[in-house]
Each structure stands twice: as C-alpha cells, then as structure tokens.
Amino acid sequence: MPLNIVLIEPEIPNNTGNIGRLALASGSNLHLVKPFGFELSDKRLKRAGLDYWQHLNVIYYDNLNDFLNKNKESNMVFLSSNGTKKHWDINFKDNLFLVFGKESVGLPKGLIKNEENKLFKIPLYHDKIRSLNLANAVGICIYEGLRQLEL
C-alpha cells in the first residue's frame, strides 16, 4: 500500500533527509530526480535522515524525463502553490505518486501546464506566505493520504 514521494531536483539536504525519514515512517517509497542541489554524501542529509537512510526504498532518476518515462503508467498528482484544488481532495490510492518541486521555484512550468488537471495545493491562510517548507508539505500530504487510505 505504499505511497510514492517524488522530489524533483531537491536543493536542501536537510529537507531531503527529513523527507527520507518521513518516507520510512509512513511506509512510502522515495523517488529523487536529479540534479540535486547537494551531494548524497552531505553530512546534513545524513544528520536529518539519521541512521534510517539505509532502510529506505530510494529510487534515483537522472532527470525529469527519465522519471516520467519510467513511470508513465503510474497514477500521479502534482503539488504546487499554483494548484486550484486542495490536497485533501486528492483521490488517494495505493501506489499513488505525489510529485513535489524544488524548494526555490517548485515544479517546472511546463509540468504545471501539462498536468493542470492533476495539480493540487495545500491551502495557506495568510497572504504573506507563498509556500510551506518542502518537508512540511510532504508530511501534510502523506499523512492525509494515510488517513484516507485507512478509513
């Protein structure tokens, strides 16, 4: 019943480490799409992921096209502040791919345009906030998915 967490070009090692820990805790798979803004040997990645990283199911991709080609038959949703539907409206199913963009700019504009009908956002209730921290956003969505799947 695993969900799939996909990080497109993650930039901050601490976020990726925390998301790795979350993936293990939630029974999710972690998909990492290069290029990364850090080295996988980065101490901050290891520190945030603690000693859990070795137990994760991590799949690496050379680039976005590699990821999309290898998973073209998969059920995916895309998380972006540009979405119009809310994350709790996602139809969570086993093996769903939740795709998140990089910290500085989010998902690529072309992907947002092509996947407009599968674009969701986490609502923000203050006009001074543009987005949430990536690790927090992933946590919110994964546990909403687990909640729905366990009902």
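Up top is the structure these notes are about.
Fair warning: this is a prediction, and the values are worked out from it, not measured in the lab.

> Help me understand the sheet that holds strand β5 (residues 85–86), please; the structure alone is not making it clear to me.
Reading across the sheet, the seven strands line up as β3-β2-β1-β6-β4-β7-β5 and stay open at both edges, with parallel pairing between neighbours. The open sheet has two free edges, formed respectively by β3 (58–61) and β5, since each of these has just one partner strand. Direction of pairing for strand β1 (residues 4–8) relative to strand β2 (residues 29–33): parallel, over a ladder of five bridges. Looking across to β2, one finds that Asn4 is bridged to Asn29. Of the strands in this sheet, β1, β4 (76–79) and β6 (97–100) touch helix α5 (residues 134–150), which is tilted by about 160° from β6.

> I tried to follow a nonpolar patch on the surface on my own but got confused; where do I start?
Taken together, the side chains of Leu124, Ile129, Leu132 and Ile140 define a hydrophobic patch exposed on the protein surface, amounting to about 290 Å² of accessible area. Here Ile140 is to be found in helix α5.

> Looking at this structure, how should I read the pattern of salt bridges?
Evaluated as defined, the whole model comprises four salt bridges. Note that Glu9 is salt-bridged to Lys102, the shortest N-O span being 3.1 Å. Of the two residues, Glu9 sits in the loop between β1 and α1 (13–26) while Lys102 sits in the loop between β6 and α4 (109–114), which places them 93 residues apart along the sequence. Judged by its relative accessible area of 22%, Glu9 falls in the partly exposed class. Take Lys102: its relative accessible area is 24%, and that puts it in the partly exposed class. A salt bridge links Lys118 to Glu115, with the shortest nitrogen-to-oxygen separation between them at 4.0 Å. Assessed through its relative accessible area of 30%, Lys118 is described here as partly exposed. With relative accessibility at 19%, the residue Glu115 sits in the buried group.

Rules and cut-offs
Residues numbered from 1 in each chain as written. Predicted model: local features only at pLDDT ≥ 70, side-chain atom pairs only at ≥ 80, totals over all residues. Heavy atoms only, no water. Pairing = 2+ DSSP bridges. Helix = DSSP H or I, 4+ residues; strand = E, 2+ residues; numbered from the N terminus. Contact = heavy atoms within 4.5 Å. Axes fitted to C-alpha atoms, helices over the stretch in contact; angles between N-to-C directions. Patch = residues over 30% accessible without salt bridge, like charges linked within 9 Å, V, L, I, M, F, W, Y side chains within 5 Å. Areas by Shrake-Rupley, 256 points an atom, 1.4 Å probe, with all protein chains shown as cover. Salt bridge = Lys/Arg side-chain N within 4 Å of Asp/Glu carboxyl O. Buried < 20%, exposed > 50% of the residue type's maximum accessible area, 1.4 Å probe, protein only.

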